[in-house]
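Below are the chains, spelled out letter by letter.
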Amino acid sequence: MKPFVLLAYLAAIVAANVVTASFAPIPIGALLVPAGSFLIGATFILRDFVQRAFGRGRTYAAILAALALSAATSYALGDTLWIVFASAVTFLVSETLDTETYTRLRLPMASRVFFSGLVGGFVDSALFVVIGLSPIGAGFLPWEAVGFAIAGQILVKTAMQALGAAVIAFTPLAGETER
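All residue numbers refer to positions counted from 1 along the written sequence of the respective chain. Given that the model is predicted, a residue must reach a pLDDT of at least 70 before its local features are reported, and side-chain atom pairs must reach 80 or more before they are shown or counted; all residues, however, enter totals for whole chains, interfaces and linings. By convention in this description, side-chain values take in all heavy atoms of the structure and omit both hydrogens and water.

> So what about the environment of Ser-22? Which residues, and what values?
Position of Ser-22 among the secondary structure elements: in helix α1 (residues 2-22). Working definition: with a 1.4 Å probe on protein chains only, accessible area under 20% of the residue-type maximum means buried, over 50% means exposed, and in between means partly exposed. Given a relative accessible area of 48%, Ser-22 falls into the partly exposed group. Counting along the chain gives 126 residues from Ser-22 to Phe-148, while the straight-line C-alpha distance between them is 21 Å. Polar contacts, as counted here, are pairs of nitrogen or oxygen atoms within 3.5 Å of one another; within protein the pair requires one atom able to donate a hydrogen and one able to accept it, and residues that are adjacent in sequence qualify only if both atoms are side-chain atoms. Among the polar contacts listed, one links the side chain of Ser-22 to the backbone oxygen of Val-18, at a separation of 2.7 Å. Here a helix means four or more residues in a row that DSSP labels H or I, a strand means two or more in a row labelled E, and each is numbered from the N terminus.

What follows is the structure in structure tokens.
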């Protein structure tokens, strides 16, 4: 089971990059949602399972491997160096915050997954849009669209965390001992 969890985490990172590069952002009302946001929400859940399976120290090794894989995939898909940089910084910060939040919460597994993913997802959304897409970064979005892009990603990632937490709450995993 351990190798499957790690491989699923790494595969979700690559898939999120591929989906984001392959499909136009999805408008939800005035909100803009990159198609890969659905998978990014899932990566926070999978990262929590990596930590559960391997412990906190090895999770950081998995995060570094995922960071390298994500950057290589992003570059190979034609992203500019600025976008690759913004993605890497955002990934490192948001995954670290997810890990540390998950570690410190003394709640049932489902709640830990939900709250740590909220923290990671919020930071991931805000940082990437500002550093990568806004006029500060690559300039793909005007300032008027930045808030809508952040809100759209937060909405989707929060929904993914809620769905993941609900599934976990109703599985035998919810009662197992944590690392």
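Anyway, onward from the coordinates.
> Describe in detail the side chain of Lys-157, supporting the description with residues and values.
By secondary structure assignment, the location of Lys-157 is in helix α6 (residues 143-169). Any two residues having at least one pair of non-hydrogen atoms within 4.5 Å are treated as being in contact. Not counting chain neighbours up to four residues away, the residues in contact with Lys-157 comprise Ser-37, Ile-40, Gly-41, Gly-121, Asp-124 and Ser-125.

> Pulling in residues and values, what's your account of the layout of surface pockets?
Estimated volume of the largest pocket: approximately 730 Å³. The set of elements that each furnish at least two residues to the lining of the largest pocket consists of α1, α2 (37-54), α3 (56-76), α4 (81-104), α5 (109-133) and α6. Whether a set of points on the 1 Å grid over the protein atoms alone is a cavity depends on a 1.4 Å probe fitting there but being unable to get out, while an open set qualifies as a pocket with protein on both sides within 12 Å along at least five of seven lines; lining residues are those with an atom within 4 Å of a point. Grid points are joined across faces, edges and corners, and a volume is the space filled by probe spheres set on the points.

> How would you explain the packing of aromatic side chains if you had to name every residue and give the values?
Working definition: a ring pair exists when centres of Phe, Tyr or Trp rings (six-membered ring for Trp) sit within 6.5 Å. Plane angles under 30 degrees give stacked, over 60 give edge-to-face, the rest tilted. Scanning the entire structure with this criterion turns up two aromatic pairs. Where Trp-82 meets Phe-85, the ring centres are 5.4 Å apart and the plane angle is 45 degrees; that geometry is what we call tilted. Taken as a pair, Trp-82 and Phe-85 lie in helix α4 at a separation of three residues, close to a single helical turn. Summarising the aromatic geometry, the rings of Phe-114 and Phe-115 are spaced 5.3 Å apart at their centres and angled 70 degrees between planes, so their arrangement reads as edge-to-face. The residue whose ring lies beneath Arg-47 is Tyr-102, and the NZ or CZ to ring-centre distance is 5.6 Å. Either the NZ atom of lysine or the CZ atom of arginine qualifies as a charge over a ring when it sits within 6 Å of the ring centre and within 35 degrees of the ring normal.

> Break down the packing of α1 against α2 for me, citing the residues and quoting the values.
To describe two helices that pack against each other, one gives the angle between their axes and the distance between the axes. Running from N to C, α1 and α2 cross one another at 160 degrees; their axes reach a closest spacing of 9 Å. The angle between α1 and α2 places the two elements in the roughly antiparallel class. In this structure, α1 crosses over α2, and the sense of that crossing is left-handed. Along the contact surface, α1 presents Lys-2, Pro-3, Val-5, Leu-6, Ala-8, Tyr-9, Ala-12, Ile-13, Ala-15, Ala-16 and Val-19, while α2 presents Leu-39, Ile-40, Thr-43, Leu-46, Arg-47, Phe-49, Val-50, Ala-53 and Phe-54. Note on residue categories: nonpolar means Ala, Val, Leu, Ile, Met, Phe, Trp, Tyr, Cys or Pro, charged means Asp, Glu, Lys or Arg, and polar means any other residue, Gly included. When grouped by side-chain class, the residues that make up the contact of α1 with α2 number 17 nonpolar, one polar and two charged. To get an axis, a line is fitted to the C-alpha atoms, and for a helix only the part in contact is used. The angle between two axes follows their N-to-C directions and goes from 0 to 180 degrees. Any angle that falls under 35 degrees is termed roughly parallel, while one over 145 is termed roughly antiparallel, one within 65 to 115 roughly perpendicular, and all others oblique. A crossing counts as left-handed when the near helix is turned anticlockwise from the far one by less than a right angle, and as right-handed when that turn is clockwise.

> Help me get a handle on the nonpolar core, residues and values and all.
What we call a nonpolar core is a set of buried Ala, Val, Leu, Ile, Met, Phe, Trp, Tyr and Cys residues that are connected through their side-chain atoms within 4.5 Å. In terms of nonpolar packing, the biggest core is built from 20 residues, with Tyr-9, Phe-91 and Ile-168 touching the most fellow members. Those residues in contact with Phe-91 that sit more than four places away from it in its chain are Tyr-9, Ile-13, Ile-63, Ala-66 and Leu-67. Judged by nonpolar contacts, the second largest core, of 11 residues, contains Ile-83, Ala-86, Leu-133 and Ala-145.

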